Amino acid sequence: MAVVDPLIELRGVNKHYGTLHVLQSIDLTVGRGEVVVVIGPSGSGKSTLCRAMNRLESVESGEIVIDGRPLPEEGKALARLRAEVGMVFQSFNLFAHKTVLANVSLAQIKVRRRKKEEADRRSRELLDRVGLAAHADKFPAQLSGGQQQRVAIARALAMDPKALLFDEPTSALDPEMINEVLDVMRQLAHEGMTMVVVTHEMGFARSAANRVVFMADGRIVEDRAPEDFFTTPRSERAKDFLSKILTH
Amino acid sequence: MDVLTDNFSLYAEGFLGTVELTVYASALALVLGFLMASFRVAPVGSLRVFGTVWVTVLRNTPLTLLFFAVMLGLPRFGLVLPFELFAVLALGCYTSAFICEVLRSGINTVPRGQGEAARSLGMSFTQSLGTVVLPQAFRTVIPPIGSTLIALAKNSAIAGAFSVTELLGTYKTLSELGYNIVWTFVWIAVGYLIITLTISVLFNVLEKRWGVAR
Ligand SMILES: Nc1ncnc2c1ncn2[C@@H]1O[C@H](COP(=O)(O)OP(=O)(O)OP(=O)(O)O)[C@@H](O)[C@H]1O
Ligand SMILES: [Mg+2]
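Definitions and limits used
Residues numbered from 1 in each chain as written. Chains lettered and ligands numbered in written order. Predicted model: local features only at pLDDT ≥ 70, side-chain atom pairs only at ≥ 80, totals over all residues. Heavy atoms only, no water. Helix = DSSP H or I, 4+ residues; strand = E, 2+ residues; numbered from the N terminus. Buried < 20%, exposed > 50% of the residue type's maximum accessible area, 1.4 Å probe, protein only. Contact = heavy atoms within 4.5 Å. Areas by Shrake-Rupley, 256 points an atom, 1.4 Å probe, with all protein chains shown as cover. Core = buried A, V, L, I, M, F, W, Y, C linked by side-chain atoms within 4.5 Å. UniProt positions renumbered as here; feature names shortened; annotations may be inferred. Polar contact = N/O pair within 3.5 Å; in protein donor to acceptor, adjacent residues only side chain to side chain. Pairing = 2+ DSSP bridges. Axes fitted to C-alpha atoms, helices over the stretch in contact; angles between N-to-C directions. Phe/Tyr/Trp six-rings, centres within 6.5 Å; stacked < 30°, edge-to-face > 60°. Lys NZ or Arg CZ within 6 Å of the ring centre and 35° of its normal. Near = heavy atom within 4 Å.

Engineer: Describe the overall build of chain B, with residues and values.
Structural biologist: Across its full length, chain B carries nine helices and zero strands. Counting only C-alpha atoms and orienting by the principal axes, one finds that chain B spans roughly 70 × 45 × 20 Å. For chain B, the residues scored as buried account for 46% of the 214 residues in total. Considering only residue pairs separated by 6 or more positions, chain B has 77% of its internal contacts joining residues 24 or more positions apart. Within the structure as shown, chain B displays about 10700 Å² of accessible surface, and the carbon and sulfur contribution to it stands at 69%.

In structure tokens form, the structure reads like this:
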């Protein structure tokens, strides 16, 4: 698929875990403002792909380019680039020893070098946006899963990232909390945030994604518009996978 | 009983010697242990190797041997220091290996995702270790660090054999003066107890203050 203004580009990316070839010459381009949903069976390499995009996972070969710049190996340059690509985890990973407000402010102060008052002001704005302004002084453990995940999104947004990566952001949530998180994500998509989302939420994929990338056994098997993919999957793997999740 | 009142200044001198050794060596052990623990979890391979070698060598050398090595070895390389300083070096380095491992086990109790979240926000290794991982590790390591420092206080007795003034060493003078050896040792033991109980109390307070469950 031709992408007009690429923001994230992966070319021939390979990674092994021992003898397991988790990423097999992956080519993927995500355009600015695009929302790409990644789906696929468990163990197909979705998380690894997502984590490779900000180098939480190193790769052996191939190129990863963010906004025209190749992802650096380690050190300061990598840290700077990571600040541009936010990440939201399945298990939220809020800093357990800090309040909600401090969670959102910490990296603004440490990485963006904002003054504390300025960072806190921005944090409160973002918390308000995800509907949690009233919880700023609580600790993460005092919030529900859905609330924690919305704080995590606010924390990622606080860095003013160019793109956001989501690795199964709603998989650890009770059903009634899934929508409050998806709503925030839909809103972001609507505002033009570039997003890569690993999820099995078909509703979200249909309503918010520009493309669906289907992975199996470390390869990208299909990369298509959501409606096309869900209604007429081409590969046997995708048909098989969809029949399994749609009957659930 | 007389042994204490008659020789109070001797006891006091020994007691203060042990306190000094304990305080300085503890400070050194904490700083070095912190540094080595950072090395052992650093993303730089050579630092990890250095930390591992440091811990392996120091933790597996008998402390007495280490004292010999420092007191007799370092002067051969032209480094001549007061015995007290050598003793602090030997004790501090030795204990730093244990502090390092305690800190590292504390770091391992912090879920991986905490450091990953910090790094994904663009924080450097030092920032994520210093502001996210260690403050959480700190809560779980307070009690074992207390135990390690209590062991250090008692280990400082070895310095007496290297003509450093400390508490245990006072028994030699007192037994030469003909005092009852049992009472001599009872009062020495009380001296150590005062020091080790102080450390216990200090760490209990720290634990109450910082070691709260999340
Ligand atoms: N640190 C690791 N060491 C060894 N193998 C790993 C490691 N992390 C993942 N794997 C393996 O790599 C493969 C891909 O893992 P990955 O987490 O990317 O899959 P996934 O598509 O995200 O699966 P899920 O839907 O279960 O989250 C799996 O077979 C997994 O067992
Ligand atoms: Mg996964």
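Having seen it, we continue.
Engineer: Could you give an account of the nonpolar core, with specific residues and numbers?
Structural biologist: Core analysis: the largest hydrophobic core is formed by 49 residues, its most contacted members being A:Ile39, A:Leu127, A:Ile153, A:Phe166, A:Met185 and A:Met195. Not counting residues up to four positions away in its chain, the partners in contact with A:Leu127 are A:Val100, A:Leu101, A:Val104, A:Leu132, A:Ala133, A:Ala136, A:Val151 and A:Ala154.

Engineer: Tell me what's going on with the UniProt feature "domain: ABC transporter" (unreviewed entry) in chain A, and back it up with residues and numbers.
Structural biologist: UniProt's feature table lists "domain: ABC transporter" (unreviewed entry) at residues 8–242 of chain A, given in the numbering used throughout. Structurally, residues 8–242 of chain A comprises 39% helix and 26% strand, and the distance from its first C-alpha atom to its last is 27 Å.

Engineer: An account of the UniProt feature "transmembrane region" (unreviewed entry) in chain B is needed here, citing residue identities and associated values.
Structural biologist: Residue and element names in this part refer to chain B. Summarizing the sequence annotation, UniProt attributes the feature "transmembrane region" (unreviewed entry) to residues 15–37, 49–74, 80–100 and 181–206 in the numbering used throughout. Helix makes up 100% of residues 15–37 and strand makes up 0%, while its end C-alpha atoms are separated by 32 Å. Segment residues 49–74 splits into 88% helix and 0% strand. End C-alpha atoms: 24 Å apart.

Engineer: Help me get a handle on the side chain of A:Arg114, residues and values and all.
Structural biologist: Residue and element names in this part refer to chain A. Topologically, Arg114 is positioned in the loop between helix H3 (100–110) and helix H4 (116–129). Owing to a relative accessible area of 15%, Arg114 belongs among the buried residues under this scheme. Only 2.7 Å separates the side chain of Arg114 from the side chain of Asp160, close enough to count as a polar contact.

Engineer: Please give an account of the UniProt feature "domain: ABC transmembrane type-1" (unreviewed entry) in chain B that cites residues and values.
Structural biologist: UniProt tags residues 15–203 of chain B as "domain: ABC transmembrane type-1" (unreviewed entry). Secondary structure within residues 15–203 of chain B divides into 81% helix and 0% strand; the distance between the first and last C-alpha atoms comes to 21 Å.

Engineer: Outline the sheet that holds strand S3 (residues 35–39) of chain A, listing residues and values.
Structural biologist: Residues and elements named next belong to chain A. In space, the six strands of this open sheet follow the order S6-S7-S8-S3-S9-S10, with mixed pairing throughout. In this open sheet, the two edge strands, each paired with only one partner strand, are strand S6 (85–88) and strand S10 (219–224). Neighbour-to-neighbour, the strand axes of this sheet turn through a mean angle of 20°, independent of strand direction. Bridging between S3 and strand S9 (residues 211–216) involves four bridges; their strand directions are parallel.

Engineer: Quick rundown of the packing of aromatic side chains? Include the residues and the values.
Structural biologist: Residues and elements named next belong to chain A. A complete count under the given rule lists nine aromatic pairs over all chains for this structure. Three or more aromatic residues joined by ring pairs form one cluster here, namely Phe214, Phe229, Phe230 and Phe241. Sitting above the plane of the Phe95 ring, Arg155 keeps its charged end 4.5 Å from the centroid.

Engineer: Can you explain the side chain of A:Gln148? Please cite residues and give values.
Structural biologist: Residue and element names in this part refer to chain A. Inspection of the secondary structure assignment puts Gln148 in helix H5 (residues 145–157). Taking relative accessible area as the criterion, Gln148 reaches 16% and is therefore assigned buried. In terms of polar contacts, Gln148 uses its side chain to reach the backbone carbonyl oxygen of Pro140, at 3.3 Å. Sequence-distant contacts of Gln148, defined by excluding residues within four places in its chain, comprise Phe92, Leu94, Pro140 and Leu143.

Engineer: Mind laying out the site of ligand 1, listing which residues take part and the relevant values?
Structural biologist: Residue and element names in this part refer to chain A. The immediate surroundings of ligand 1 are formed by Tyr17, Leu20, Val22, Pro41, Ser42, Gly43, Ser44, Gly45, Lys46, Ser47, Thr48 and Glu168. One nitrogen or oxygen atom from the main chain of Gly45 is found 3.0 Å from an oxygen atom belonging to ligand 1. Ser47 has a polar side-chain atom sitting 2.7 Å from an oxygen atom of ligand 1. Per-element accounting of the shell around ligand 1 gives the leading share, three residues, to helix H1 (residues 46–52).

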